[in-house]
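The primary structure of each chain is shown beneath.
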Amino acid sequence: MITASDLSLSATAKDVRKVRCDALVLGVVQGSDGPVLLDSGLSEKSTGALGSTLASLGVSGRADEVHRLPGLSGAEADVIVLTGLGREESATDEETLRRASGAAIRNLHGTESVVIALPAPTVAAVAAIAEGAALGAYVYTENRHATADSLKAPVTNVTVHSPVATDSAVAGVLNRAEILGRAVNATRTLVNRPPSHLYPETFATAAKELSRSLPVKVTVLDEKKLEKDGYGGILGVGKGSSRQPRLVKVEYAPSKSIKKLALVGKGITFDSGGLSLKPPAGMETMKCDMAGAAVVLNALLAIAEMGLPIKVTAWLCIAENMPSGTAQRPSDVITTYGGRTVEVLNTDAEGRLVMADGLVAASEENPDVLLDVATLTGAQMVALGKRTSAVMGDEDIRDAVAAAARRAGELFWTMPIPEELRASLNSQVADIANIGEKMGGMMTAAAFLREFVGESNGRTIPWGHLDIAGPAFNEGAAHGYTPKEGTGVAVRTLVAFAEDLVSNSK
Ligand code: BES
Ligand code: MN
Ligand code: ZN
């Protein structure tokens, strides 16, 4: 069971010297002559000594540097927290604020109420600080037993201090930040949940549970129904596992809707590679291979909670990729949903097989836009590293996703799908093979997916493909508002994209 985070966000314009809290967060920047404590509304008398001893305290103001100090006279906080905003020039950028706020809150697990007094002269700045806090207030504790200080609960009450706190738009941005935080954190939890606990059937159950209080409809196609309807991609991948695959369709259809958006997510609950077995090290993080499905589910739920006037359908293509006597073999030919055949030359290129079924199913409903999200290729990381996601597909959609990502504070980079790669997927025995040119393998995978995007009113459906293989799972240290392991990346981009769809069609 995923419990929604209990974080409650508020804003205040009250004299910061009078606000009671467990911890008060102040900003420090890297000035040209050393660290500078930013004005927070506290008096010179209470912060003067602190401001002039920052360097000797070891405070640099660098991003991701968080220090805790005892409270100050003239402030009603038990603890003062200094969070770094980096160089002065970029210290007021929204993403800088989001990260600095997130880093502070992430370092305050075990604390209840926090007031953040970073520079917030605009509603947009309040929004960024609130979002960072909502994303930083996360820990994954299922299956752990509390020991002394290892398991502290995330912060439950955050107040953003700002002169515009009474602006009529503030309640809206705080509510949006809470919704985004819940959606991203629920995605993280699904990704973090081990494959012993999260497998196709339990993933489908979790999708139903998360949807329960919202106006969305969840339909689960089990293995019998998948067989009956010819979902050969999902079934082929799931064949080697004792846990049967699922296709979960989640629908949000508000009475007033101006656009129809379809989302398809890769939901491999564990990717061993199948008979084309991965080496042990390559498997360690493969519980994250269902991140795309978790993302599209939670983005839809956030859109529904926000009540956006667009119809959204999410398709979660869920299977476990295992080797066994019943597993599909390299050189098998499968028939995907809709009838096209695929030669499975490498069972580790399984994501594109389940996505093929999902893309065809989603296309049947004639959406205005079709987006898919997948931890599809190791080549994604080779191309863009661990923190930058890729977006491919039709030029205008691809660019619109990148623009939405920028507004959301996520890093998506546009990549092409070069024409010549398609021929590398030709097969002697089926309509297409599941592997082709290795160089630029991320784009080869996208060329494969493109074959399964359908037509609507005589033209191919506008399509975008998001490969989040690297950024979905943080193997390194936590940073900014990003924890270790599941990151929830792409949820905020999809929500921003949906918001843009609405505002562009008004
Ligand atoms: N799930 C992997 C891709 C992946 C790798 C995601 C590392 C996150 C981190 C995918 O199913 C896969 O195995 N892809 C193969 C494709 C190849 C066989 C053409 C890969 O990238 O090696
Ligand atoms: Mn694989
Ligand atoms: Zn995979």
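Anyway, here's the lowdown on the structure attached to this text. (Residues numbered from 1 in each chain as written. Chains lettered and ligands numbered in written order. Predicted model: local features only at pLDDT ≥ 70, side-chain atom pairs only at ≥ 80, totals over all residues. Heavy atoms only, no water.)

**Quick notes on the overall build of the protein chain**
Within the protein chain, the secondary structure is distributed over 14 helices and 22 strands. Radius of gyration (C-alpha) of the protein chain: 24 Å, near the 23 Å computed for a compact globule of 506 residues. If one aligns the C-alpha atoms of the protein chain with their principal axes, the spans along those axes are about 80 × 50 × 40 Å. Classification of the 506 residues of the protein chain by burial places 58% in the buried group. Across the protein chain, every contact between residues at least 6 apart in sequence was considered, and the portion connecting residues at least 24 apart equals 75%. Each charge sign in the protein chain was given a centre, from 49 positive and 58 negative side chains, and these centres are 3 Å apart. (Helix = DSSP H or I, 4+ residues; strand = E, 2+ residues; numbered from the N terminus. Rg over C-alpha atoms; globule rule 2.2 N^0.38 Å. Buried < 20%, exposed > 50% of the residue type's maximum accessible area, 1.4 Å probe, protein only. Contact = heavy atoms within 4.5 Å. Lys, Arg positive; Asp, Glu negative; His and termini not counted. Charge placed at Lys NZ, Arg CZ, Asp CG, Glu CD.)

**Points about the coordination of the zinc ion (ligand 3)**
Binding of the zinc ion (ligand 3) to the protein goes through Lys 266 (NZ), Asp 271 (OD), Asp 289 (OD) and Glu 350 (OE), at separations of 2.0 to 2.4 Å. The sequence motif formed by the donor residues of the zinc ion (ligand 3) is K-x4-D-x17-D-x60-E. The metal-metal distance between the zinc ion (ligand 3) and the manganese ion (ligand 2) comes to 3.1 Å, with Asp 271 coordinating both. You can see Lys 266 sitting in strand β10 (residues 260-271) and its partner Asp 289 sitting in the loop between α8 (280-283) and α9 (291-306), a full 23 residues away along the chain. Across the pair, Asp 289 and Lys 266 agree in class, each one buried. (Donors = N, O, S within 2.8 Å, 3.2 Å for Na, K, Ca; no water.)

**A few points about the side chain of Lys 278**
By secondary structure assignment, the location of Lys 278 is in the loop between β10 and α8. Here Lys 278 falls in the buried class, since its relative accessible area comes to 16%.

**Side note on the coordination of the manganese ion (ligand 2)**
For the manganese ion (ligand 2), the full set of protein donor atoms is Asp 271 (OD), Asp 348 (O), Asp 348 (OD) and Glu 350 (OE), at a range of 2.1 to 2.2 Å. Around the manganese ion (ligand 2) sit six donor atoms; with metal-centred angles ranging over 70 to 168°, the donor geometry is irregular. Linear spacing of the donor residues for the manganese ion (ligand 2) on their chain is D-x76-D-x1-E. (Tetrahedral: all angles 85-135°; square planar, octahedral: opposite > 155°, others 65-115°.)

**Observations regarding the packing of helix α12 (residues 395-408) against helix α14 (residues 491-504)**
Where α12 meets α14, the axes come as close as 8 Å, and the angle between the chain directions of the two elements is 110°. Between α12 and α14, the angle is such that the two are roughly perpendicular. You can see that α12 and α14 cross each other, and the crossing is right-handed. From α12, Ile 397, Ala 400, Val 401, Ala 404, Ala 405, Arg 407 and Ala 408 reach across to α14, where they touch Arg 492, Thr 493, Ala 496, Phe 497, Glu 499 and Asp 500. (Axes fitted to C-alpha atoms, helices over the stretch in contact; angles between N-to-C directions. Parallel < 35°, antiparallel > 145°, perpendicular 65-115°, else oblique. Left-handed = near helix turned anticlockwise from the far one by under 90°.)

**Considerations on the site of ligand 1**
Lining the immediate surroundings of ligand 1 are 16 residues, of which Lys 278, Asp 289, Asp 348, Glu 350 and Gly 378 lie closest. Taking Lys 278, its side chain carries an N or O atom lying 2.8 Å from an oxygen atom of ligand 1. Contact distances for ligand 1 include 2.9 Å between a nitrogen atom and a side-chain N or O atom of Asp 289. For ligand 1, whose accessible area on its own is 510 Å², the fraction buried by protein is 77%. (Near = heavy atom within 4 Å. Polar contact = N/O pair within 3.5 Å; in protein donor to acceptor, adjacent residues only side chain to side chain. Areas by Shrake-Rupley, 256 points an atom, 1.4 Å probe, with all protein chains shown as cover.)

**Some remarks on the environment of His 465**
In this fold, His 465 is placed in strand β20 (residues 463-467). For His 465, a relative accessible area of 0% translates into the label buried. When the C-alpha positions of His 465 and Ser 241 are compared, they lie 27 Å apart, and in sequence the two are 224 residues distant. What His 465 contacts, discounting residues up to four positions off in sequence, is Asp 372, Leu 376, Ala 390, Val 391, Met 392, Ala 446 and Leu 449. A distance of 2.5 Å separates polar atoms of two side chains, one belonging to His 465 and the other to Asp 372.

**A look at the sheet that holds strand β16 (residues 412-414)**
An order of β8-β9-β11-β10-β14-β20-β15-β16 is seen for the eight strands of this open sheet, with the pairing classed as mixed. In the strand order of this sheet, the two ends are held by β8 (217-221) and β16, each with one partner. Across the sheet, the mean angle from the axis of one strand to that of its neighbour is 20°, orientation sign disregarded. Packing against the sheet, α12 makes contact with β14 (369-374), β15 (389-393), β16 and β20, and its axis sits at approximately 155° to β15. (Pairing = 2+ DSSP bridges.)

**Things to note about the packing of aromatic side chains**
By the definition in use, this model includes two aromatic pairs. Relative to Tyr 337, the ring of Tyr 231 lies with its centre 4.1 Å away and its plane at 5°, an arrangement referred to as stacked. Of the two residues, Tyr 231 is situated in the loop between α6 (223-229) and α7 (232-238) and Tyr 337 in the loop between β12 (332-335) and β13 (341-344); the sequence distance between them amounts to 106 residues. For Tyr 337, a relative accessible area of 12% corresponds to the buried category. Arranged with centres 5.1 Å apart and planes meeting at 35°, the rings of Phe 448 and Phe 452 form a pair that is tilted. The ring of Tyr 199 carries the charged tip of Arg 243 above its face, separated from the ring centre by 4.1 Å. (Phe/Tyr/Trp six-rings, centres within 6.5 Å; stacked < 30°, edge-to-face > 60°. Lys NZ or Arg CZ within 6 Å of the ring centre and 35° of its normal.)

**Observations concerning the nonpolar core**
Nonpolar side chains in soluble globular proteins tend to end up buried together. Residues Leu 261 and Leu 316 are the most contacted members of the largest nonpolar core, which totals 67 residues. Looking at which element gives the most residues to this core, the answer is α9, with 12 residues. Excluding residues that lie within four positions of it along the chain, Leu 316 makes contacts with Phe 203, Ala 207, Arg 246, Leu 247, Val 248, Val 250, Gly 265, Ala 293, Val 296 and Leu 297. Among the nonpolar cores identified, the runner-up in size contains 47 residues, and Leu 235, Ala 319, Ala 374 and Met 443 belong to it. (Core = buried A, V, L, I, M, F, W, Y, C linked by side-chain atoms within 4.5 Å.)

**What about the sheet that holds strand β17 (residues 432-433)?**
Paired through their backbone hydrogen bonds, the strands of a sheet run either parallel or antiparallel. Here we have three strands laid out as an open sheet, ordered β12-β13-β17, and mixed in their pairing. Where the open sheet ends on each side, the last strands, each with one partner, are β12 and β17. Alignment of β12 against β13, held across four bridges, turns out to be antiparallel. When the sheet's bridge partners are listed, Ile 334 is paired in β13 with Val 342.

**Structural notes on the environment of Val 115**
Its place among the elements puts Val 115 in strand β6 (residues 113-117). Its relative accessible area of 4% is what places Val 115 among the buried residues. When residues no more than four places from it in sequence are discounted, the contact partners of Val 115 are Val 19, Cys 21, Ala 23, Leu 24, Val 25, Thr 159 and His 161.

**With respect to the pairing of β20**
The buried fraction of β20 amounts to five of the five residues, a majority that puts the element mostly inside the structure. The alternating pattern of β20 places Trp 463, His 465 and Asp 467 and Gly 464 and Leu 466 on opposite faces, both of which are buried. As paired strands, β14 and β20 are joined by five bridges and run parallel to one another. For Leu 370, the partnering residue across the bridge sits in β20 and is Trp 463.

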